[in-house]
There are 2 protein chains.
Amino acid sequence: MIRKLTAAAVGLALASSAVFAASHGGGPFDAAIKARQAHMQLYAHNLGILGGMAKGAMDYNADLATVAATNLATLATLNQMTYWPEGSDSFDNENTAALPKIWDNFPDVAKKGQALAEATAAMQAAAGNGLDALRAAIGPVGEACGACHKAYRKPKE
Amino acid sequence: MIRKLTAAAVGLALASSAVFAASHGGGPFDAAIKARQAHMQLYAHNLGILGGMAKGAMDYNADLATVAATNLATLATLNQMTYWPEGSDSFDNENTAALPKIWDNFPDVAKKGQALAEATAAMQAAAGNGLDALRAAIGPVGEACGACHKAYRKPKE
């Protein structure tokens, strides 16, 4: 279902990106780039809480872990079609590390997004069940993040 | 239910904010402030699409409107407890306009959050039903945003 929705969304995003960009000020893709970076920021914030507990930097708290994990899983269900218009890549925009090959590999990008949705849903189910359960669930989440970053994000210089 | 959860979340946030801040670099509340600003950015991005259609700056598209409205309504359900630790106000932090009285008026803040959740849920139901339905639903969303900003955000100088 998510894959089907993503494929449909991509078509829409390509069709609407120009008019969408025209309705916003600044660079043509600034609004989209800021939106996806904000989305990543919210992933990082909520995952940071779970990671802090996993490595013992903060005390395990079942309620707080569940809140962070539920936010993470919910964020992974948002539809990002308007965040990734074609042309909003690191070749043509200084303010992004998103490699152009994202737009040549949408089936793989969607697959990696689906992997993140599954890993965060598993974390949502596990986070309140004790520190060991949280620790067991965090590896797949980090792997899902890393798989997409490794393939599609320009390395830092 | 949302109010009850918010009240419980506030207690947790107060208890965990110090250890949470200690686990992040920079100013003690930088991570929380960045997170809530990212959240606002995502509200603005998705509402901007609906607003663009409402005022005729972009063509009405039922699918795109539904995507943006669903994102908006889903974002309004996220638990923001870790985004608003006590002390992360505009008196003690240059990088936020959040007035200290937020932390003295949590029942009212929660009520305003609930109003936003209801207005965005109504928008989610309406957005795909034509431009008139979208236009009718956007006023209450803007009012819910504005009610909280007017009461709790430092005016721009």
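Here we summarise the structure given alongside this text. From a predicted model like this one, the values you see are computed outputs, not experimental measurements. (Residues numbered from 1 in each chain as written. Chains lettered and ligands numbered in written order. Predicted model: local features only at pLDDT ≥ 70, side-chain atom pairs only at ≥ 80, totals over all residues. Heavy atoms only, no water.)

Considerations on the packing of aromatic side chains
Residue and element names in this part refer to chain A. Under the criterion given, the structure shown has 2 aromatic pairs over all chains. Their ring planes at 50° and their centres at 6.3 Å tell us that Trp84 and Trp103 sit as a pair that is tilted. One end of the pair, Trp84, is in the loop between helix 3 (62-75) and helix 4 (106-126); the other, Trp103, is in the loop between helix 3 and helix 4, and 19 residues separate them in sequence. Taken individually, Trp84 and Trp103 each receive the classification buried, so the pair is uniform in this respect. (Phe/Tyr/Trp six-rings, centres within 6.5 Å; stacked < 30°, edge-to-face > 60°. Helix = DSSP H or I, 4+ residues; strand = E, 2+ residues; numbered from the N terminus. Buried < 20%, exposed > 50% of the residue type's maximum accessible area, 1.4 Å probe, protein only.)

With respect to the interface of chain B and chain A
Taken residue by residue, the interface counts 31 residues in chain B and 31 residues in chain A. Together, the buried faces of chain B and chain A total about 2,700 Å²; carbon and sulfur atoms form 74% of this surface. For the pair chain B and chain A, the interface holds 6 residue pairs in polar contact (both at pLDDT 80 or more). When residues of the side of chain B that touches chain A are traced back to their parent elements, those giving at least two are helix 1 (2-22), helix 2 (30-54) and helix 3 (62-75) of chain B. Element by element, the count of residues in the side of chain B that touches chain A is highest for helix 2 of chain B, at 11 residues. Broken down by class, the residue content of the side of chain B that touches chain A amounts to 17 nonpolar, 12 polar and 2 charged. (Contact = heavy atoms within 4.5 Å. Buried area = accessible area lost by both parts, 1.4 Å probe. Polar contact = N/O pair within 3.5 Å; in protein donor to acceptor, adjacent residues only side chain to side chain. Nonpolar A, V, L, I, M, F, W, Y, C, P; charged D, E, K, R; others polar.)

Observations concerning the nonpolar core
Inside soluble globular proteins, nonpolar side chains tend to come together where they are buried. Counting 79 residues, the largest nonpolar core has A:Leu50, A:Met123, B:Leu50 and B:Met123 as its most contacted members. Elements with a contribution of two residues or more to this core: helix 2 (30-54), helix 3, helix 4 and helix 5 (131-152) of chain A together with helix 2, helix 3, helix 4 (106-126) and helix 5 (131-152) of chain B. Ranked by the residues each element gives to this core, the list is headed by helix 2 of chain A, at 9 residues. Ignoring any residue separated from it by four or fewer positions in sequence, one finds A:Met123 in contact with A:Leu50, A:Ala69, A:Leu134, A:Ala137, A:Ile138 and A:Val141. (Core = buried A, V, L, I, M, F, W, Y, C linked by side-chain atoms within 4.5 Å.)

Points about the pattern of salt bridges
All names here are of chain A. All told, the structure shown has 2 salt bridges over all chains when counted by the stated rule. Among the ionic pairs, Asp108 bridges to Lys112, the shortest N-O distance being 2.9 Å. Of this pair, Asp108 and Lys112 both sit in helix 4, 4 residues apart, which is roughly one turn of the helix. The exposure class assigned to Asp108 is partly exposed, which follows from its relative accessible area of 25%. (Salt bridge = Lys/Arg side-chain N within 4 Å of Asp/Glu carboxyl O.)

Description of the side chain of A:Ser88
All names here are of chain A. On the secondary structure map, Ser88 appears in the loop between helix 3 and helix 4. At 2.7 Å, the side chain of Ser88 and the backbone oxygen of Pro85 are in polar contact. When neighbours within four sequence positions are excluded, Ser88 is seen to be in contact with Phe29, Ile33, Arg36, Asn93, Thr96, Ala98 and Trp103.

Let's talk about the side chain of A:Asn71
Along the chain, the position of A:Asn71 falls in helix 3. On the basis of relative accessibility, which here comes to 2%, the residue A:Asn71 falls in the buried class. In this structure the side chain of A:Asn71 is engaged in a polar contact, spanning 2.8 Å, whose partner is the backbone oxygen of B:Asn79. Contacts of A:Asn71, omitting those with residues within four sequence positions, involve A:Asn46, B:Leu78, B:Asn79 and B:Tyr83.

Section: the relation of the copies chain B and chain A
The operation relating chain B to chain A is a screw motion whose rotation component is 180°, with 0.0 Å of axial translation and a residual RMSD of 0.0 Å. The transformation relating the two chain copies, once decomposed into turn and shift, fits a two-fold axis. Within chain B, B:Ala38 has its C-alpha nearest the rotation axis, a separation of 2.2 Å. The residues that chain B uses at the interface reappear at the interface of chain A in 100% of cases, marking a shared surface. (Least-squares fit on C-alpha atoms with pLDDT ≥ 70 in both.)

Some points on the packing of helix 2 of chain B against helix 5 of chain B
Residues and elements named next belong to chain B. Contact geometry for helix 2 and helix 5: axes closest at 10 Å, N-to-C directions at 145°. Every pair of crossing elements has a handedness; the one defined by helix 2 and helix 5 is left-handed. For the pair helix 2 and helix 5, the contacting residues are Met40, Leu47, Leu50, Gly51, Met53 and Ala54 in the first and Leu131, Leu134, Arg135, Ile138, Val141, Cys145 and His149 in the second. Classifying every residue of the contact of helix 2 with helix 5 gives 10 nonpolar, 2 polar and 1 charged. (Axes fitted to C-alpha atoms, helices over the stretch in contact; angles between N-to-C directions. Left-handed = near helix turned anticlockwise from the far one by under 90°.)

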